Amino acid sequence: MTQRVGIINYNIGNIGSVKRSLEFFDTNYLMVNNAKDLKKCDKIILPGVGSFDFSMKMLKKKKLDFAIKDFFKEGKDILAICLGLQLLLTESEEFGKKKGLNILSGKVENLKKFSIDSPIPHIGWCMVKKNKNSIVNDSFETNLYNKYYYFAHGLICNFKKKYKFTKFIYGNKSFVASVRHKNLIGTQFHPELSGLLGLDIYKFFLDK
Amino acid sequence: MKNFRIIPRLEVKTDHVIKGIRMEGLRKVGDPVELAIKYFKDGADEIFYDDIVASLYNRKYNIDLIKRISSNIHIPLLVSGGIKSLNNMHEIFNAGADKVALNTHAVRNPHLISKAARVFGSQSICVQVQFKQYHENYWEILTESGRERTKKNILDWIEKVYSLGAGEIILISVDHDGIGNFIGRDPLKQFRSECKLPLIYGGGINSNTNIQSLIDLKYDGALISNVLHFRKMDITNIKKNLSKIRTNIINI
């Protein structure tokens, strides 16, 4: 049977590019609006659109917050993009302190705190680099190294635990570009907006 | 850092890409979907779809066309023209846009910017600022495709837009638009120093030297239209000749 991929719907809308990437690989997908929808999925994507507060409220309203945590615990694959990744952390400081899903231990912090000399939000293409301390187990990380991906964010992930991650440099500071943790892939950048190199990430996720 | 963006601007009027001089005297130059695909394959960093008559004639943007463009490219699509409300934005994002650029309606109702940023996140909300010089050191912003004066000073507006939570600003000099004559270094420098957000410039760019000066002045991107549509410049060539630009592009 072909796999079914769910796109978590925060009712914000700019997920056309995620759908397009799935359609590129003829993927069978559905929009996930509640825990029942989630049960039908083999894998899910948390798209990177909207604000933390609005999206988190929507997840709670749709009773998807605990359902997504269970989905992760069952060992099913998750791809979390930009804000979708940030929602998985313990808390965020976008528009005041807000609690996240706490699947990854860490805090979402405003780039403004880092007194960097470049405009905020960070919008544009940026090179992904190897993180020295990261142990590489498969081709996922190595394929990202020294290639450009599209970023659009004003907040970054600051992890409290040692996860396997790659980094990018903005305004002379280095931040998390992607993370791997068990059955989870998270990217701060947008694979669906990063040309054909970005589509490779979808392929990796879909082929897992 | 190599994150300067080359952004083709497709000015669209009733299904055609057109190009005018100082935003008037429009002539047809091609099919928006075909041009978007071509520029994507050439290595564009983003596509700017600008419906230039939506606000002017109080018409609605063409959702079907936005859908057709977005389903054929794998880079960000920025959409502008006649966007009045959060509902409009929902519809445009649903059609596959990744960012929206507000202009006329943000000037009329600045709180549209803050409302939009709270729902969609600042990084998805861009403000398009069309401006014209009226005196030395006075540039006024215009609405409705460069037709209506607003009595708003560009420097005040840049600050206001930032404080309302926009994520990016696109400046278009109406004096230079479509005439292949680049704006002076001094105003560009002044705008950059007053703007804390990512800043894109368009209007009269006609050479790699123009683009290089934007890079040197720490701009984040260049909007290019005429010279691309009429094949006086091409993106592959721009990327070959300039540093600080994403180059390892495999889009074909």
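The coordinates are above.
None of these values were measured; they are calculated from a predicted model.

Asker: Just to check I follow, could you spell out the overall build of chain B for this structure?
Answerer: The number of helices and strands found in chain B is 10 helices and 12 strands. For 252 residues, the compact-globule formula gives about 18 Å, and the C-alpha radius of gyration of chain B, at 16 Å, lands near that figure. Relative to its 252 residues, chain B shows a buried fraction of 54%. Across chain B, contacts joining residues at least 24 apart in sequence account for 66% of those joining residues at least 6 apart.

Asker: How do you make sense of the sheet that holds strand β3 (residues 43–46) of chain A when you look at a structure like this?
Answerer: Two pairing modes exist for strands in a sheet, parallel and antiparallel, and in both the strands are linked by backbone hydrogen bonds. Residue and element names in this part refer to chain A. Taken together, the nine strands give an open sheet; going across it, the order is β2-β1-β3-β4-β13-β12-β11-β8-β9, and neighbouring strands pair in mixed fashion. The sheet is open, and its two edges are formed by β2 (28–32) and β9 (148–153), each paired on a single side. Pairs of neighbouring strands in the sheet enclose a mean axial angle of 25°, with direction left out of account. Relative to strand β4 (residues 77–81), β3 is paired through four bridges, and the arrangement is parallel. Residue I45 lies in a different strand from β4, and its bridge partner there is L79.

Asker: Hey, could you run me through helix α4 (residues 65–73) of chain A in this one?
Answerer: For the α-helix, the turn length of 3.6 residues means that residues three or four positions removed from each other point alike. Residues and elements named next belong to chain A. Considered for burial, the residues of α4 that qualify are A67, I68, F71 and F72. Buried residues along α4 cover an arc of 140° about the axis, so they all sit on one side. Opposite its buried face, α4 presents the exposed residues F66, D70 and K73, each directed more than 90 degrees away. Along its buried surface, α4 packs onto α2 (35–39), β3, β4 and β13 (184–187). Downstream of α4 by a residue or two, G75 has a phi angle that is positive, lying close to 85°.

What counts and how
Residues numbered from 1 in each chain as written. Chains lettered and ligands numbered in written order. Predicted model: local features only at pLDDT ≥ 70, side-chain atom pairs only at ≥ 80, totals over all residues. Helix = DSSP H or I, 4+ residues; strand = E, 2+ residues; numbered from the N terminus. Rg over C-alpha atoms; globule rule 2.2 N^0.38 Å. Buried ≥ 20, exposed ≤ 12 C-beta atoms within 10 Å, placed from the backbone. Contact = placed C-beta atoms within 7 Å. Pairing = 2+ DSSP bridges. Axes fitted to C-alpha atoms, helices over the stretch in contact; angles between N-to-C directions. Arc of directions from axis to C-beta.

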